[in-house]
Amino acid sequence: MEYNWYALYTFSRTEKRVKERLEEAGIEVFLPIIRKLRKWKDRKKFVDEPMVSSYVFVKVSEREYYKVLETEGIVRYVTFAGKAAPIPEWQIDVMKRIVASKCPVLLTTEKLLPGCKIRIISGVFTSIEGEMVEFRGKKNLIIRIDQVGQSILVNLPNEAVEVLNTNIEENN
C-alpha cells in the first residue's frame, strides 16, 4: 500500500488539537511548530506557533484518505486543480530539519522571482537545494514548497552555498 503526504487545511487556531485527534486515530501527522517573538503593547514573549498557519500534514494511504476528513477541525485537503496534490517526502523532511534546527525563519506567501539555483554546503541544511533571491535587502535561501503555497526563507552566509546554475532569464 502506498502512502503519500498531503496538506490539510484546518479551522483557524485548531492545528494542535487536529494533530492530537489524528494521532489518536493512528494517522501519521506532522505539525511544524516554530518559536516566534510576539509583541504586544505592554510586553514581548516567545510563543510556539505552527510554521504554516491552518495547515497540518498527514501521511495516508488511499484507504485512509477520506477517513481523515471526518476528524473534527479539518476543513479540507489543500487542492490544486480540484485534486489533493501529494507532497514529496523531501519537502516534509526539509520542514522537519528547519524546525529541528531552531534557526530563525521567515514565511511569506509572496511570489518570488526565481534566481540562481544553489545547494547548501555547510550547516544543518547541508545538501538542500533551492533558489537564491534578494529579499528585504538580505541574501536568503528560498526553498519552495509549492504544494502548500508557502515559501521558506532562511538567512545563510554566502560561504554556506554553492551556485549550481546561473542561467537566469531576465525580462527585457
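Nothing here was measured: the structure is a model prediction, and the numbers come from that model.

## Quick word on the sheet that holds strand β1 (residues 3-10)
Phase 1 of the analysis: Taking strand neighbours across the sheet as the criterion, the four strands line up as β2-β5-β1-β6 in an open arrangement whose pairing is antiparallel. Looking at the sheet topology across the chains shown, the edges are occupied by β2 (28-30) and β6 (74-77). Each neighbouring strand pair of the sheet contributes to a mean axis angle of 35°, computed without reference to strand direction.
Phase 2 of the analysis: Here β1 runs beside β6; their pairing, made up of three bridges, is antiparallel. Bridging from a neighbouring strand, threonine 10 pairs with isoleucine 74 of β6.
Phase 3 of the analysis: Against the sheet, helix α1 (residues 15-24) makes contact with β1, β2, β5 (55-61) and β6, and its axis sits at roughly 20° relative to β5, the strand it touches most.

## Comments concerning the side chain of glutamate 15
Phase 1 of the analysis: Positionally, glutamate 15 belongs in helix α1.
Phase 2 of the analysis: Lacking a salt bridge, the buried glutamate 15 has arginine 13 as its closest oppositely charged neighbour, with an N-O distance of 7.4 Å.
Phase 3 of the analysis: Polar side-chain contacts of glutamate 15 include one of 2.6 Å to the backbone nitrogen of serine 54.

## Observations regarding the packing of aromatic side chains
Phase 1 of the analysis: Following the criterion strictly, the structure yields six aromatic pairs and no others.
Phase 2 of the analysis: Between the aromatic rings of tyrosine 6 and tyrosine 77, the centroid separation amounts to 5.6 Å while the plane-to-plane angle is 75°, which identifies the pairing as edge-to-face. Linking tyrosine 6 in strand β1 with tyrosine 77 in strand β6, this pair joins segments that are 71 residues apart in sequence. Like tyrosine 6, the residue tyrosine 77 is buried in the burial classification.
Phase 3 of the analysis: Aromatic side chains tyrosine 9 and tyrosine 55 sit 6.0 Å apart centroid to centroid with 85° between the ring planes, which places their arrangement in the edge-to-face category. Placement of tyrosine 9 in strand β1 and of tyrosine 55 in strand β5 is noted, with a sequence separation of 46 residues between them.
Phase 4 of the analysis: These aromatic residues form a ring-pair network of at least three members: Tyr6, Tyr65, Tyr66 and Tyr77.
Phase 5 of the analysis: In this structure, lysine 96 packs its charged tip against the face of phenylalanine 30, placed 5.5 Å from the ring centre.

Calculation criteria
- Residues numbered from 1 in each chain as written.
- Predicted model: local features only at pLDDT ≥ 70, side-chain atom pairs only at ≥ 80, totals over all residues.
- Heavy atoms only, no water.
- Pairing = 2+ DSSP bridges.
- Helix = DSSP H or I, 4+ residues; strand = E, 2+ residues; numbered from the N terminus.
- Axes fitted to C-alpha atoms, helices over the stretch in contact; angles between N-to-C directions.
- Contact = heavy atoms within 4.5 Å.
- Buried < 20%, exposed > 50% of the residue type's maximum accessible area, 1.4 Å probe, protein only.
- Lys, Arg positive; Asp, Glu negative; His and termini not counted.
- Salt bridge = Lys/Arg side-chain N within 4 Å of Asp/Glu carboxyl O.
- Polar contact = N/O pair within 3.5 Å; in protein donor to acceptor, adjacent residues only side chain to side chain.
- Phe/Tyr/Trp six-rings, centres within 6.5 Å; stacked < 30°, edge-to-face > 60°.
- Lys NZ or Arg CZ within 6 Å of the ring centre and 35° of its normal.

Purely geometric numbers; function is a separate question.
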